[in-house]
Structures are given as structure tokens and as C-alpha cells.
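Residues per chain, in single letters:
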Number of protein chains: 2
Amino acid sequence: MATISDVARVAGVSVSTVSYAINGSRPISEATRLRVFAAMDALSYQPHAMARGLASKRSRILGLHFPMEDRGLGFTELEFVVGAADTAFAGGYHLILSPLMSEQPRELLQLTQQGLVDGVILMEVLQDDPRVEALRALRFPFAMIGRCADNRGIDYVDTDFESTMSDAVCYLAALGHTSLAYITQSHQTFDSGYGPVVRTCATFTQTLLQHDIAGAIYFCGASAADGNAILRTIFEEQPAVTALLAMNDRALVGIVQGLDDLGYSLPADISLVTLVSSMRIGELFRPPVTTFAVPSSEMARLGVELLIDRLENPAHPIRQLLIPCTMVDQGSAAAPAHMHVVRV
Amino acid sequence: MATISDVARVAGVSVSTVSYAINGSRPISEATRLRVFAAMDALSYQPHAMARGLASKRSRILGLHFPMEDRGLGFTELEFVVGAADTAFAGGYHLILSPLMSEQPRELLQLTQQGLVDGVILMEVLQDDPRVEALRALRFPFAMIGRCADNRGIDYVDTDFESTMSDAVCYLAALGHTSLAYITQSHQTFDSGYGPVVRTCATFTQTLLQHDIAGAIYFCGASAADGNAILRTIFEEQPAVTALLAMNDRALVGIVQGLDDLGYSLPADISLVTLVSSMRIGELFRPPVTTFAVPSSEMARLGVELLIDRLENPAHPIRQLLIPCTMVDQGSAAAPAHMHVVRV
DNA sequence: GTGAAAGCGCTAACAC
DNA sequence: GTGTTAGCGCTTTCAC
């Protein structure tokens, strides 16, 4: 509970000298510096965060805006949150969580206008995100984990969905598959402009054309039951399918189980890969599922670093980073059987 | 960026009147109150968090202390974090995350002594937790999600491990099982005094005695491989075993897979239940695993409410809440086969 | 290289 | 029921 003036008194210097000694914002003679630090830990002094924030107009707190939706919670999200908090801490910042249920920018504005946070990190960014407009209008510092349709002037780090999807299709094509099904998230998610879905769908279609192979996109809800159900649709509409790509962790269970129920075994009868999943999701299954794993912690770290850098060096050029997923081969994909038995 | 004096000027009242109108800490005539609020949203005024914090000595920020260990990340943890943030927000507080890698109280002290947080919520509490000593010595407000050996004077909410374990054993005993194996976490975890492990082990042993049935405890690391490996040990040491209880989400995959590899099918050849897991973990498996599910969000909510209540009503009596897990029957446990074939 | 002092925007006595 | 004002603990300009 010691204050800066206690320290000043004990060290026999003025308050401002103590302040400068702490912040290094102006030269201090070695002798005084030592006396000041000695006084500081004699009193076990801790600068008062609120006072400092009020005077300096910088709270050294970052906000993590985290809209929770029915996409729900997975391993990836926690890795993000923890990674972000760690990185913030390492950079001398604290992280506050805004797990607001809506993408409405209202509460976000409240947060920023209260002077509580110096900057905001946006997660689960939509192609056309109201939060972005709001923050831009306020000229409030922010960075995104994810990206919009128009990202001009915005620092972000995102999964490189395009290269990941392209890698995945190429991988399956190279194995000899010529009829793919891409199981993505719900139609509503697509319609809402959620980048990961929009981008992967686009790239899927393009890459099919490039390789001149067949394929179709299947929208699928976020439950095991939905995953299970989508299989019947796929096998009806596309009986020649030999490989499945999924980017829907919640449905994956249902897909794996459904395949087993239908008597398909991986990878002998059909191939399956999961995209943009946690490194850990694939190994939950039997057999484990080959995963294009999203580097969540690294993205969180980069997102926070981007924001801190922007706050401390406003003039730095904008940085926009795309991180591809790395494939973890778990053996659930292989060359297609020459004779694929079609079932009803 | 309007300040309280802008509001006062526009409303034609003094700053203190505005302050009191906002905080309701003293009676204001309806007419003035209206004028003040009109001025506030004409200027879209937001009180400055730091200034308010400095003057009132209350930041309205809560710290969530979250030591991350090799027990690692699961669904449960994120549910806690999000639940806590939500509840804090609903109560007019913000939540900052301290995902510190150590249980060392040092950084925790820093956090508390900087006046950044009004109180702290401790997660992953050890039986004899150094953070508790530290916080107590400082007379710093805190609540726990979890509990220690000595909880005198501390508000906490915890899983009722005792009743959960007892319920689970009774459930299996009622099905007719007479030889149980409890697969818990690592021996180090036990030795470190981690409550969930310590308590469930104790209750397991007691409940066996009460029911006069056989059983043993198996320590198991936090990986699928460990889960897989422990099965061989179990079947060697306890060939008559007919039911498994697990409280180790990371190893569960390995257990389920290992059982399948060994040719056991659930629940025909052996029964399996998982304890204190996320509601969602059990359904990841095939067949799904009967789960004694921990109400993570509810516990997080209660933990935060306990702390907020303590802050706002320091005189309230201490509250210590135990929440039992609720069983979600997924069919992985059944009566034992009359003839259990022992395998090598 | 160091000190004095004016705020930062708010709360909470203390006055009336 | 309302106004005045002295801080809260720090940063930072200005002066020396």
C-alpha cells in the first residue's frame, strides 16, 4: 500500500524522479536510480494501476471480444484465450474477456469508451462485421484474429483457409480421389458471412476445377446428429464419393460414428480429413482422423502482438498475417479402393 | 470523451449531483435525475473506469487465477472461463485472466497489490495452496472454485467429489458389479494434494468398504497412451474387474480405444463411466460413455457470485457450496456378464 | 540530472 | 435535495 511519494521520501528524491526511474522516460543518474529501487523494494512498492492509467491515459489492459454462438466451445477457443492472456501478460498487459452473446457493437463501445482498455482483439470475425465499423468510426485501436471482406488498414492474423483447403484437396487428389464431399458448417453460418466457411467453400470449388475432379459442398449443423445425418444425404446425392473433408468439429463425431454404422471403415472404404481443427481433436477418434490443425496458440500470440505493437508504434505499417494449417497425418485418408461398392 | 463535468454543465447541475445520480448513492429529485440522464446520453457519456476506480478505490475488475498445468485444456475449463466472464459482466464487473504457469503466489500478489482487481477467483485449488496463504495474509478478498484442506473463512464452490464418487460406485454396485477399477490422474497430481484426486480416491475406498466390494485405484497420466497402457496393468492385477470408473478426460480416449483393441465391448464385456467430465466429453465416443457431468458453467457462475457478494457485503456469512455431478446415462454401463472371460 | 506542481476524471466528505 | 472541494496516486510539462 505504499505510494510513490513514500518511495520518494525514503529515497530522498522527488516524486517525479521516482516516476522517471520506473518508466525510464528520462535519464536518471545511476546513484539515484539505485536509491530509488532500494526504497521501492524496502517498501515493496507496487505502482497503482488505476492511478497510472488515469494519469497516463493508458490502462495497459487489452480487451478480448469473444462472441459466443452456437458454434460453441471447442478446444481451439480455449487455446486462443489462454494464448492471448499469456502473450498479453508477457508484454506487460492484462487481458479482459468480453464473452458477449451478441455481435452487437453496443457493449463493445461501452468497453472502449470507458477507458478501460487500450485496444481490442476481435475473435470470430464476420466478413462484414458491425464491430469493425464501430471501432473504425471511433478510431479505436484493434486487431483481429480472423478477417473481413474489406480489411484495409486493419492488423489481423487469420488461418490461411485458402491454402489449407487447397492443400487438403490436393492431398486427396494426389491420393487418387476424384469425387469429394466437403462437409462445412451450417447454411446460416455461411449466409451470415462467416469467413472460414465462405472462404473454404470458394476455394474448395476452385480447386476442384483446377484438378478437374468432382465434388460438392454439404452444409451441416453443429451436432453429432447433424454429422450423422449429413452422411445419408451425401451418399444419396453423390454415390461415387470416396473422400470426405470436414470443417465442423462438433459434427465430426457423428460423421465418424455414422461411417462406422454404415459399415465403412477408414481409410479402406472412404477417406476422411478434418480441417482447421485443434491438433487434439483428430486423436479423439478411432481410427484417429488426419487433421489440418489450426495453430491456435500461435495465432492468439500473434494477434496480441499485433495489437500491442500498434498501440506502442502507431506509425508501423499494417500487418496482415495468414497462417496455414499443418497436416497431421493420422492415417484416415488413403488411396481410394478400385472398386467402390455403392450402398443404399 | 465527455467527462462528468461536461454532463454537469449541460444538465445545469454540479458534478457531485451527476455522480450521485449515476451511483444512486444519495437521493436525487426526479426532475434533476431526468435532466442528468438526458445530458448523459446527449453527450453519450461513459464514466471513465480508471478515474472512477482511483477515486472510489474499487476497480470493479475481478481476477481469475488459472494455473495451467499438464492436466491441460479441456472443454470444462473454457466453460468455466466463459461462465465466469459472463457472470462478472452481468454483475457490473469485468474479468481479467491470469493464466499463470505457476502456482507461485508472486505474480498473484503483484496483481492484487497494483489495485487492479477488487478480488480474485482461484481455480485449480490445491489441498494446501500457497495462493490461499498469500491472499489470506493480505486479507485480500477471494473466492475459490475448488477447495483446500482447511477452508475456514473462505467462500468456495466445488464439485461434490465425495457424493459424485459415491453415487458412481453405488450405481455400479447396484448394477451388480463387485470388482471395480478407478482410473484417476497421475500419482504426482495426487501427491501434490490436488483435491479432486485426493477426495475421490478416499471416497472410492470408503464406498467399496460400505458395499463390501473389491476395487483398486490406478494412477494414470494425462494422455491417450497412458490410458491405453493402464488397461494392461488393470487386467493383470485385477483380472476379475467388471467395471471401470475414470476421472481423467485426457486418458479416456486411450481407455475406450484400448478396450476396443482388447476385444471388449461396452457395456457387454465391461462397464465404463467417466466422472467429473464435461457433459460433452462422453458423447465423443463410440459407444458414448456414461458421464457424471460437472456443471462447469454453474460453478463458475456461483464462484463469481460468491466473490461479488463478498465484495459488496463483507459482513455476509461465509458460503461453501458443493455441487454434485449429474449422471448422464449414455449406456456404457450395464450389469456384468455372468461369465467374464479373462484374457491375457 | 532533478524538482514542483498541474492535472487525469471521478467519489465522497462536508457544507448548506 | 444540491453544491463545493479535497483528494485518489500517478504522469508529465515546465522550470532550474
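Residues numbered from 1 in each chain as written. Chains lettered and ligands numbered in written order. Predicted model: local features only at pLDDT ≥ 70, side-chain atom pairs only at ≥ 80, totals over all residues. Heavy atoms only, no water.

**Observations concerning the overall build of chain A**
What counts is decided by this rule: Secondary structure follows DSSP: runs of H or I at least 4 residues long count as helices, runs of E at least 2 residues long count as strands, and numbering of each begins at the N terminus. Radius of gyration: over C-alpha atoms. The globule rule applied is 2.2 Å multiplied by the number of residues raised to the 0.38 power. Relative accessibility thresholds used throughout: buried, under 20% of the residue-type maximum; exposed, over 50%; partly exposed, between the two (1.4 Å probe, protein chains only). Contacts are residue-level and defined by heavy atoms, with any inter-residue pair within 4.5 Å sufficient. What sets the accessible areas is the Shrake-Rupley method with a 1.4 Å probe; for residues, cover comes only from the shown protein chains. Charge assignment in this entry is limited to Lys and Arg as positive and Asp and Glu as negative, and neither His nor the chain termini are counted. Where a charge sits is defined by one atom per residue type, namely NZ (Lys), CZ (Arg), CG (Asp) or CD (Glu).
Tallying secondary structure elements over chain A gives 13 helices and twelve strands in all. On C-alpha atoms alone, chain A measures out to a radius of gyration of 26 Å, which is more than a quarter above the 20 Å that the 2.2 N^0.38 rule sets for 344 residues. Summarising its shape, the C-alpha atoms of chain A cover approximately 90 × 35 × 35 Å along the three principal directions. In chain A, which comprises 344 residues, the proportion classed as buried is 54%. The contacts in chain A between residues at least 6 apart in sequence include a share of 69% that link residues at least 24 apart. Accessible area of chain A: about 14000 Å², with a carbon and sulfur share of 55%. The average position of the 24 basic charges and that of the 36 acidic charges among the side chains of chain A differ by 12 Å.

**So, the packing of aromatic side chains**
Just so we agree on the cut-off: Note on aromatic pairs: the rings of Phe, Tyr and Trp (six-membered ring only in Trp) are paired at centre separations within 6.5 Å, and the planes decide the class, stacked below 30 degrees, edge-to-face beyond 60, tilted for the rest. By definition here, charges over rings are those cases where NZ of Lys or CZ of Arg is within 6 Å of the ring centre and within 35 degrees of the ring normal.
Using the criterion set out here, one finds eight aromatic pairs over all chains in the structure. Judged by centre distance (5.4 Å) and plane angle (45°), the rings of Tyr-182 of chain A and Phe-204 of chain A are tilted. Note that Tyr-182 of chain A is positioned in strand β6 (residues 179-183) and Phe-204 of chain A in helix α10 (residues 195-211), a separation of 22 residues in sequence. Each member of the pair, Tyr-182 of chain A as well as Phe-204 of chain A, carries the same accessibility label: buried. With 4.7 Å between their ring centres and 5° between their planes, Phe-235 of chain B and Tyr-264 of chain B make a pair best called stacked. Taken together, the residues Phe-235 of chain B in helix α11 (residues 224-237) and Tyr-264 of chain B in the loop between α12 (249-261) and β9 (271-277) connect sequence positions 29 residues apart. Residue class for Phe-235 of chain B comes out buried when judged on its relative accessible area of 10%. One Lys or Arg, Arg-60 of chain A, reaches over the ring of Tyr-93 of chain A and ends 4.5 Å from the middle of that ring.

**Section: the nonpolar core**
Threshold: Throughout this description, the term nonpolar core refers to a set of buried Ala, Val, Leu, Ile, Met, Phe, Trp, Tyr and Cys residues connected via side-chain atoms within 4.5 Å.
Ranked by size, the top nonpolar core spans 106 residues in total, and within it Leu-245 of chain A together with Leu-245 of chain B carry the most contacts. Contacts of Leu-245 of chain B, omitting those with residues within four sequence positions, involve Met-165, Ala-168, Val-169, Leu-172, Leu-180, Ala-181, Tyr-182, Ile-183, Phe-204, Val-273 and Leu-275 of chain B. Counting residues in hydrophobic clusters, the runner-up holds 50 residues, among them Val-241 and Phe-285 of chain A together with Ile-234 and Ala-246 of chain B.

**Some remarks on the sheet that holds β6 of chain A**
All names here are of chain A. Rules: Criterion used throughout: strands pair if DSSP finds at least two bridges between them. Fitting a line to C-alpha atoms yields each axis, with helices limited to the stretch in contact; the angle taken between N-to-C directions then spans 0 to 180 degrees.
Strand order in the open sheet made by the six strands is β7-β6-β8-β9-β10-β12, with mixed pairing throughout. If you trace the sheet from one side to the other, it starts and ends with β7 (214-218) and β12 (326-328), each paired once. This sheet shows a mean twist of 20° between the axes of neighbouring strands, independent of strand direction. Relative to strand β9 (residues 271-277), strand β8 (residues 243-246) runs parallel, the two being bridged by four bridges. The partner of Leu-245 across the bridge, within β9, is Val-273. Sitting on the sheet, helix α8 (residues 161-175) is in contact with β6, β8, β9, β10 (290-293) and β12, with an inclination near 165° to β9. Where helix α11 (residues 224-237) meets the sheet, it contacts β6, β7 and β8, and its direction lies at approximately 150° from that of β7.

**Concerning the relation of the copies chain B and chain A**
For clarity, the cut-off: Copy-to-copy alignment: least squares on C-alpha atoms, limited to residues at pLDDT 70 or above in both.
With an axial shift of 0.0 Å and an RMSD of 0.1 Å, the rotation relating chain B to chain A amounts to 180°. Seen this way, the second copy is the image of the first under a two-fold rotation axis. Minimal C-alpha separation from the rotation axis in chain B is found for Ile-96 of chain B, amounting to 2.2 Å. When the interface residues of chain B are mapped onto chain A, 100% of them again fall at the interface, so both copies present the same face.

**A closer look at the protein's contact with DNA strand C**
To be explicit about the condition: The near set for a molecule or strand comprises every residue that places at least one heavy atom within 4 Å of it. Throughout this description, a polar contact denotes any pair of N or O atoms lying within 3.5 Å of each other; where both atoms belong to protein, one of them has to be capable of donating a hydrogen while the other can accept it, and for residues adjacent in sequence the pair is counted only when both atoms sit in side chains.
Close contacts around DNA strand C come from 27 residues, with Thr-17, Arg-26 and Pro-27 of chain A together with Ile-4 and Tyr-45 of chain B the closest. Per the 4 Å cut-off to the protein, sugar and phosphate atoms form 57% of the nearby atoms of DNA strand C. Between a base oxygen of DNA strand C and a main-chain N or O atom of Ala-55 of chain A, the distance comes to 3.3 Å. The backbone of Ala-51 of chain B places a nitrogen or oxygen atom 3.3 Å from a base nitrogen of DNA strand C.

**Observations regarding the domain arrangement of chain A**
Just so we agree on the cut-off: Residue ranges for the domains trace back to a domain assignment, done automatically or taken from a database.
Parsing chain A into structural domains produces domain 1 (4-55), domain 2 (61-159 + 296-323) and domain 3 (161-294). Using only C-alpha atoms to locate each centre, domain 1 of chain A and domain 3 of chain A end up separated by 59 Å.

**Structural notes on the environment of Val-36 of chain A**
All names here are of chain A. Relative to the elements of secondary structure, Val-36 occurs in helix α3 (residues 30-42). Each C-alpha atom of the pair Val-36 and Ile-22 lies 8.7 Å from the other, and the pair is 14 residues apart in sequence. Once residues within four sequence positions are removed from consideration, Val-36 is found in contact with Val-7, Ala-11, Val-13, Val-18 and Ala-21.

**What about the interface of chain B and chain A?**
Definition in use: Buried area, as used here, totals the accessible surface that two parts lose on assembly, with accessibility defined by a 1.4 Å probe and the loss added over both. We count a salt bridge whenever a side-chain nitrogen from Lys or Arg sits within 4 Å of a carboxyl oxygen from Asp or Glu.
Each partner contributes to the interface: chain B provides 47 residues, whereas chain A provides 47 residues. Between chain B and chain A the total buried area reaches about 4700 Å² when both faces are included, carbon and sulfur atoms providing 68% of it. Counting across the chain B and chain A interface gives zero salt bridges. Summed over the shared surface of chain B and chain A, the number is six residue pairs in polar contact (both at pLDDT 80 or more).

**Structural notes on the environment of Asp-41 of chain B**
Tracing the backbone through its elements, the reader meets Asp-41 of chain B in helix α3 (residues 30-42). Measuring from C-alpha to C-alpha, the distance between Asp-41 of chain B and Val-7 of chain B comes to 9.0 Å, with 34 residues separating the pair along the chain.

**Regarding the pattern of salt bridges**
All names here are of chain A. For the coordinates displayed, the defined rule picks out 22 salt bridges over all chains. Between Arg-9 and Asp-6 there is a salt bridge whose closest N-O contact spans 2.7 Å. Of the two residues, Arg-9 and Asp-6 are both situated in helix α1 (residues 4-11); the distance of three residues between them amounts to about one turn of the helix. Given the relative accessible area of 56%, Arg-9 is considered exposed. Taking the shortest distance from any N to any O, the salt bridge between Arg-319 and Asp-309 comes out at 3.7 Å. Of the two residues, Arg-319 is situated in the loop between α13 (296-312) and β11 (320-323) and Asp-309 in helix α13; the sequence distance between them amounts to ten residues. When salt bridges that share partners are traced, they join Arg-147, Asp-158, Glu-162 and Arg-199 into one network.

**Section: the side chain of Arg-147 of chain A**
All names here are of chain A. Within the secondary structure, Arg-147 is located in the loop between β4 (142-145) and β5 (155-159). Look at Arg-147 and you get buried, because its relative accessible area is 6%. Reaching out from Arg-147, the side chain makes a polar contact with the side chain of Asp-158 at a distance of 2.6 Å. In terms of polar contacts, Arg-147 uses its side chain to reach the backbone carbonyl oxygen of Thr-159, at 3.2 Å. Not counting the four nearest positions on each side in its chain, Arg-147 is found in contact with Val-125, Leu-126, Gln-127, Tyr-156, Asp-158, Thr-159, Asp-160, Phe-161, Glu-162, Arg-199 and Leu-322.

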